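# Fold and geometry: a report
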Amino acid sequence: MLKALVTDVDGTITDQRRRINTGAVEAIRTLVDAGVEVVLASGNTVCFMDGLCKMVGTDGTIIGENGGVYRREFPGTLRIAGDKDASTGAFEVLRDYFADKGTDLELFSAQYRFADVAFARNIDPDEARAVIRDRHLPVRLLDTGFAIHLQALGVNKGTALRELAGEMGILPSEMMAIGDSENDIEMLEVAGVGVAVANAPAPTRSAADWVSERTYGDGFVEAVKKYYPDLFIRSRLTTI
Ligand SMILES: O=C(O)COP(=O)(O)O
Ligand SMILES: [Mg+2]
């Protein structure tokens, strides 16, 4: 049995409006109660993830800010893997560029971020990528479908997962990762089994070993039942 499941949050255990899927919460609790490690891996902030871990019932092992931060369990030591100066500097260049064109960039939760920068999707990501490329800015732009992120080069959910696996004493090959967007590609490739939910775009689906038929949180539940069938047969029997 896969020893750990690493799941993205927005678009994977939620619906398209970021409302959590209650079936996904129940599936996570079934895994946790069966001794499977569940890691939440998101572009969201540490404080967001901490609240989510507490309310869902995981042990606090997280990847936040698209791999810019990660931590093994509560209380744990928060590791910072990103470069906030690089992300902030690149944001300021983009802010000025788009302001000259009449578009203001709206930051998301800046005061709670240690590594990356996140802002509203009111610009063309490819136009912003062209500015980053032309100005040789040392960041990568990620469009998660919920926000745009600027992240230091070489930092992603996959690099953080490799580091976390060492702290967890689990091989990446013993893990399953599930996601919905381009910011999940690396962790789908690092994990032994990578799954994309059906709402994922083509590059993310291509990086997956398997793609669910159902979308969003329902796709997450479908995937968990596929790869941990015994847990759900047993839990269904106990509920009869
Ligand atoms: O923070 C975001 O933009 C999306 O978050 P996610 O990585 O959980 O999908
Ligand atoms: Mg997502």
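A brief structural summary. Just so we're clear, the structure is a prediction, and the values are computed from it rather than from any experiment. (Residues numbered from 1 in each chain as written. Chains lettered and ligands numbered in written order. Predicted model: local features only at pLDDT ≥ 70, side-chain atom pairs only at ≥ 80, totals over all residues. Heavy atoms only, no water.)

In this section: the coordination of the magnesium ion (ligand 2). As a benchmark, a tetrahedral metal site with four donors has ideal angles of 109.5 degrees, while an octahedral site with six donors has ideal angles of 90 or 180 degrees. Only Asp-8 (OD), Asp-10 (O) and Asp-180 (OD) from the protein reach the magnesium ion (ligand 2) as donors, at distances of 2.0 to 2.2 Å. Along the chain, the residues that donate to the magnesium ion (ligand 2) are spaced as D-x1-D-x169-D. Across this residue pair, the class does not change: Asp-8 and Asp-10 are buried. (Donors = N, O, S within 2.8 Å, 3.2 Å for Na, K, Ca; no water. Buried < 20%, exposed > 50% of the residue type's maximum accessible area, 1.4 Å probe, protein only.)

This paragraph deals with the site of ligand 1. By nearness alone, every residue bordering ligand 1 is listed as Asp-8, Val-9, Asp-10, Ser-42, Gly-43, Asn-44, Thr-144, Ala-147, His-149, Lys-157, Asp-180 and Asn-183. A distance of 2.9 Å separates an oxygen atom of ligand 1 from a polar backbone atom of Asp-10. About the coverage of ligand 1: the protein hides 98% of its 280 Å² of free accessible area. When each cavity is represented as a set of grid points, ligand 1 is found to reside in the largest pocket. (Near = heavy atom within 4 Å. Polar contact = N/O pair within 3.5 Å; in protein donor to acceptor, adjacent residues only side chain to side chain. Areas by Shrake-Rupley, 256 points an atom, 1.4 Å probe, with all protein chains shown as cover. 1 Å grid on protein atoms, 1.4 Å probe; cavity = no way out; pocket = protein on both sides within 12 Å on 5 of 7 lines; lining within 4 Å. Sits in = over half its atoms within 2 Å of the grid points.)

All right, on to unusual backbone geometry then. Between Phe-74 and Pro-75 the backbone carries a cis peptide bond, its omega angle lying at -15 degrees. Summarising the element assignment, Pro-75 is placed in the loop between strand 4 (69–71) and strand 5 (79–80). One non-glycine residue with positive phi stands out, namely Arg-18, at about 70 degrees. For Arg-18, the location among the structural elements is in the loop between strand 1 (4–7) and helix 1 (22–33). In the Ramachandran plot, Glu-73 falls in the positive-phi region, its phi being about 60 degrees despite a non-glycine side chain. (Helix = DSSP H or I, 4+ residues; strand = E, 2+ residues; numbered from the N terminus.)

The next thing to look at is the pairing of strand 7 (residues 139–143). Along strand 7, four of the five residues are buried, which leaves the element largely enclosed by surrounding structure. Where strand 7 and strand 8 (residues 148–152) come together, five bridges link them in antiparallel fashion. Its bridge partner lying in strand 8, Leu-142 is registered against His-149. Here strand 7 folds back onto strand 8, and the loop between the two strands holds four residues, one of which, Gly-145, carries a positive phi near 90 degrees. (Pairing = 2+ DSSP bridges.)

Burial analysis of strand 8 places five of its five residues in the buried class, the great majority of the element. In strand 8, alternate side chains face the same way, and those of Ile-148, Leu-150 and Ala-152 on one face and His-149 and Gln-151 on the other are all buried. In this structure, strand 6 (residues 117–119) lies alongside strand 8, joined through three bridges in antiparallel fashion. Opposite Ala-118, over in strand 8, you have His-149 as the bridge partner.

Here the focus is the sheet that holds strand 8. The three strands are arranged 6-8-7 in an open sheet whose pairing can be described as antiparallel. Two strands in the sheet have a free side with no partner beyond their single neighbour: strand 6 and strand 7. Pairs of neighbouring strands in the sheet enclose a mean axial angle of 20 degrees, with direction left out of account. (Axes fitted to C-alpha atoms, helices over the stretch in contact; angles between N-to-C directions.)

Moving on, we get to the side chain of Ser-87. By the secondary structure assignment, Ser-87 is in helix 3 (residues 84–99). Apart from residues no more than four positions distant in its own chain, Ser-87 is found in contact with Ala-115, Asp-116, Val-117, Val-139, Leu-150, Gln-151 and Ala-152. (Contact = heavy atoms within 4.5 Å.)

Considering all chains together, one arrives at three aromatic pairs under this definition. Ring geometry for Trp-210 and Tyr-227: centres 6.1 Å apart, planes at 75 degrees, overall edge-to-face. Of this pair, Trp-210 sits in strand 11 (residues 210–211) while Tyr-227 sits in helix 8 (residues 216–227), placing them 17 residues apart in sequence. The aromatic ring of Phe-74 is capped on one face by Lys-54, whose charged end is 4.1 Å from the ring centroid. The ring of Tyr-227 has Lys-226 sitting right over it, with the charged end atom 5.5 Å from the ring centre. (Phe/Tyr/Trp six-rings, centres within 6.5 Å; stacked < 30°, edge-to-face > 60°. Lys NZ or Arg CZ within 6 Å of the ring centre and 35° of its normal.)

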